[in-house]
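Breakdown of the fold
Now for the letters of each chain:
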Amino acid sequence: MTYNRRFLVALPAVFLLALAVVAGPLPAGAKPIVHDAEYYILEAQNGQKWAAQDKKLDARLAELKKKFGRPPNIIHIMWDDTAFGDVGIPAIQKVRGLTTPHLNKMAQEGILFTRMYTEVGCTPTRAAAATGRLAVRSGMYNIGMLRESHGMRGEEVTIAEVLSKAGYATAFHGKWHLGDIEVSYPHNQGFDEAFFTGYNQILSLWTKNGEQANATIGLHEDMLPPDPYKLDNTFITKGWVQVAEGKKGEKARQWGDNSHETYLKIDQEAQRRTLEFIERQAKAGKPFYVANWPMLASFLPVAPKCSQARSLLQDGLQCNIDPFMAKLTAKLKELGIAENTLVVAMADNGPMSHNPPPGTGFSETIFRGGKGDFLEGGVRVPAQAWWPGTIKPGTVGDIIHVVDLYTTFARLAGATGYIPTDRIIDGIDQTSLLLNGDTYSRRDYVFIYAGPKLGATVKGNYKRHWISPDPVGEASGIPAAFFYLPADTREKSPLLVNLIHLKSPFNRMRLRHELWKKKYPDSPELHGLPWTGIANATPEVKALLQPPAAMDKLPFDPLEYIEHLDQIPFDPNMDPDLSR
């Protein structure tokens, strides 16, 4: 095993000795997965213990495979913008005006994670789940909006590609939100079949219903009185694809139209396809991986209300996600495959507490902050795992990150050998945590990015804000930017004197992380023309591929801007409402 020289300089000598011991000889031609620098610090101290655990885990997985005749099926359910406690903790639900009995029962029968971390927004979290890499590494830290002309690179190796190589059938249904360029479509990223959206729930407002309600202003110009002062007919986007479907190796097709009526059918169609996919693979005797990432709800209010909160989030969880989980578990039991199926259900980030549409019910609970924040409330989400007969019921306080699902799913499928070794994989194999329970995590740290900039670092119960609420202290090198999370879940009381001894340890963490990134640089954002490769494209979508004006009348290429979209800067001094 080789290590970056500058990285090694940062390691104490005792850790280097341990690395030599635990790394051991590798099989001929085999290359190890490259993890983030901090992982090697932990491996150096715990590697021998982990190796002993792994022998027992391998034996257990082999027994399960022999019993069922194939490796476990894997289902990943991930919805949007939910605060910790809004699912899985009935007492908090009582306060918040909702109930999710089926999700709560699954949490009781399996693992309820109390420290599942994600990225700060939906696109970056989905990229992290798909690739096992922090979104900054794949250039997917931007949250895609209408005509984003942006998406995930073909060079990224998704969990669908990894599992496909191990003989799994793979499917994606729901909110993809990883780009509107052709290479990024899920059936071009390893999934055998896909039913997907390129954008998020704002699709529900980009409709004539939304324009009529002034929920969207000026998008549907055909509904508006003529503007006598209008000169530019290319400024407002006129064509997009609300939802598409496709199969590996084939072109995509738009499903339905861009109406609100079509939007309201997305989740029910995605759920139908997921259940049908599961039944088809079970009858074929083939292991499968399916990701169902629901739209959850419409930003344009619809009747009837069903939760006591009468809000978008609560209604979506109680009357959409929870009934689907009941159907899902019933189908697994009916097919006799529940005991050979792992189900992970979780939110993608914290609540949309900044500028939410009215009537949504998004709210902070225990932790401060929400979607877009590197505060705990933005990235610490409700999550649970269910695997009858294999996962022991119990609450887990260990740290786990959404990227860890990538590596863990691969281990369970016997597909670790298909994980790429030419890049950093942030995901850590957490099979021991799933099968052994609390205190068996192999992670005690998290790097939290705000866009492309490092916002905060967590190590155990300690946290440092790199984008600091104390700029004067930061400038002098003694910032009050350190937090002890168990005593300060709101991150309102930074400690200087009490925790200043953590300044150097956090600095070392950051430097190791950044030095390792120099050896394995982040990929830049990828841009291109939106919504190409749609077999039944509408005239409006086809028009997206044409220059917005006659080429011979312009002194420049009107599409050249696409190559420079990544130059639009993030605010380096951004303050995510830290003074609140």
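Below you will find a few notes about this structure. Nothing here was measured: the structure is a model prediction, and the numbers come from that model.

Calculation criteria
Residues numbered from 1 in each chain as written. Predicted model: local features only at pLDDT ≥ 70, side-chain atom pairs only at ≥ 80, totals over all residues. Heavy atoms only, no water. Helix = DSSP H or I, 4+ residues; strand = E, 2+ residues; numbered from the N terminus. Rg over C-alpha atoms; globule rule 2.2 N^0.38 Å. Buried < 20%, exposed > 50% of the residue type's maximum accessible area, 1.4 Å probe, protein only. Contact = heavy atoms within 4.5 Å. Areas by Shrake-Rupley, 256 points an atom, 1.4 Å probe, with all protein chains shown as cover. Lys, Arg positive; Asp, Glu negative; His and termini not counted. Charge placed at Lys NZ, Arg CZ, Asp CG, Glu CD. Polar contact = N/O pair within 3.5 Å; in protein donor to acceptor, adjacent residues only side chain to side chain. Pairing = 2+ DSSP bridges. Axes fitted to C-alpha atoms, helices over the stretch in contact; angles between N-to-C directions. Salt bridge = Lys/Arg side-chain N within 4 Å of Asp/Glu carboxyl O. Phe/Tyr/Trp six-rings, centres within 6.5 Å; stacked < 30°, edge-to-face > 60°.

1. Comments concerning the overall build of the protein
Within the protein, the regular secondary structure consists of 18 helices and 17 strands. On C-alpha atoms alone, the protein measures out to a radius of gyration of 24 Å, which is about the 25 Å that the 2.2 N^0.38 rule sets for 580 residues. Along the first, second and third principal axes, the C-alpha atoms of the protein reach 75 × 65 × 55 Å. Counting all 580 residues of the protein, 58% fall into the buried class. Within the protein, contacts between residues at least 6 apart in sequence are counted, and of these 71% link residues at least 24 apart. When the accessible surface of the protein is totalled, it reaches about 23800 Å², and 55% of it is carbon and sulfur. Distance from the positive charge centre (64 side chains) to the negative charge centre (63 side chains) of the protein: 6 Å.

2. A short note on the environment of D429
By secondary structure assignment, the location of D429 is in the loop between α14 (404-413) and α15 (431-436). Distance in space between the C-alpha atoms of D429 and E119 is 18 Å, their sequence separation being 310 residues. Those residues in contact with D429, other than ones at most four positions away along the chain, are T407, T408, R411 and R442. Side chain to side chain, D429 and T431 meet in a polar contact 2.6 Å long.

3. Here's the deal with the sheet that holds strand β15 (residues 462-465)
Hydrogen bonds between backbone atoms are what pair the strands of a sheet, whose relative direction is either parallel or antiparallel. Judged by pairing direction, the sheet is antiparallel, and its four strands sit side by side in the order β13-β14-β15-β16 without closing on themselves. Pairing within the sheet leaves two strands with one partner each, and these edge strands are β13 (445-450) and β16 (482-484). Along the sheet, successive strands turn relative to each other by an average axial angle of 20°, direction set aside. Two strands pair when backbone bridges link them, and β15 and β16 are joined in this way by three bridges, in the antiparallel orientation. Looking across to β16, one finds that Y462 is bridged to Y484. Of the strands in this sheet, β13 and β14 (453-459) touch helix α3 (residues 37-68), which is tilted by about 175° from β13. Lying on the sheet, helix α17 (residues 503-519) is in contact with β13, β14, β15 and β16; it crosses β14 at an angle near 125°.

4. Quick notes on the side chain of E119
Relative to the elements of secondary structure, E119 occurs in the loop between β2 (111-117) and α6 (122-131). Within the buried core, E119 has no salt-bridge partner, and the shortest N-O distance to an opposite charge, that of R137, equals 8.2 Å. A polar contact is formed between the side chain of E119 and the backbone nitrogen of A135, at a distance of 2.7 Å. With residues up to four places along the chain from it excluded, the contact list for E119 reads P124, T125, A128, L134, A135, D348, N349, G378 and V379.

5. Some words on the environment of F324
Structurally, the position occupied by F324 is in helix α12 (residues 312-334). We classify F324 as buried; its relative accessible area is 1%. Spatially, the C-alpha atom of F324 lies 30 Å from that of T216, the residues being 108 residues apart in sequence. Excluding its chain neighbours within four sequence positions, the residues that come into contact with F324 are I77, Q271, T274, L275 and N292.

6. Details of the pairing of β2
Within a regular beta strand, the side chains point alternately toward one face of the sheet and then the other, so they alternate between its two faces. By the criterion of burial, β2 is predominantly enclosed, with seven of the seven residues buried. Both β2 and strand β10 (residues 380-386) contribute to a ladder of five bridges, which runs antiparallel. Bridged to Y117 within β10 is R380. Both β2 and strand β11 (residues 394-396) contribute to a ladder of three bridges, which runs parallel. Following the sheet pairing, L112 is matched in β11 by T395. Relative to strand β12 (residues 400-401), β2 runs parallel, the two being bridged by two bridges. Residue pairing for β12: M116 is matched across the bridge by I400.

7. Section: the packing of aromatic side chains
This structure, assessed with the given rule, holds 22 aromatic pairs. With a centroid separation of 5.8 Å and an interplanar angle of 65°, the aromatic rings of F172 and F191 are classed as edge-to-face. In this pair, F172 is assigned in strand β4 (residues 169-175) and F191 in the loop between β4 and β5 (193-197), connecting sequence segments 19 residues apart. Grouping residues by exposure puts F172 and F191 together as buried. Considering the side-chain rings of Y289 and F409, the 6.1 Å spacing of their centres and the 50° angle between planes classify their relative orientation as tilted. Of this pair, Y289 sits in strand β8 (residues 288-293) while F409 sits in helix α14, and the two are 120 residues apart along the sequence. Since its relative accessible area comes to 2%, Y289 is described here as buried.

8. Thoughts on the pattern of salt bridges
Evaluation of the coordinates by the stated rule reveals 38 salt bridges. One salt bridge in this structure joins K175 and D80, with 2.5 Å as the shortest N-O distance. With K175 in strand β4 and D80 in the loop between β1 (73-79) and α4 (90-96), this residue pair connects regions lying 95 residues apart in the sequence. The same class applies to K175 and to D80, which are both buried. Between R280 and E193 there is a salt bridge, and its shortest N-O distance comes to 3.2 Å.

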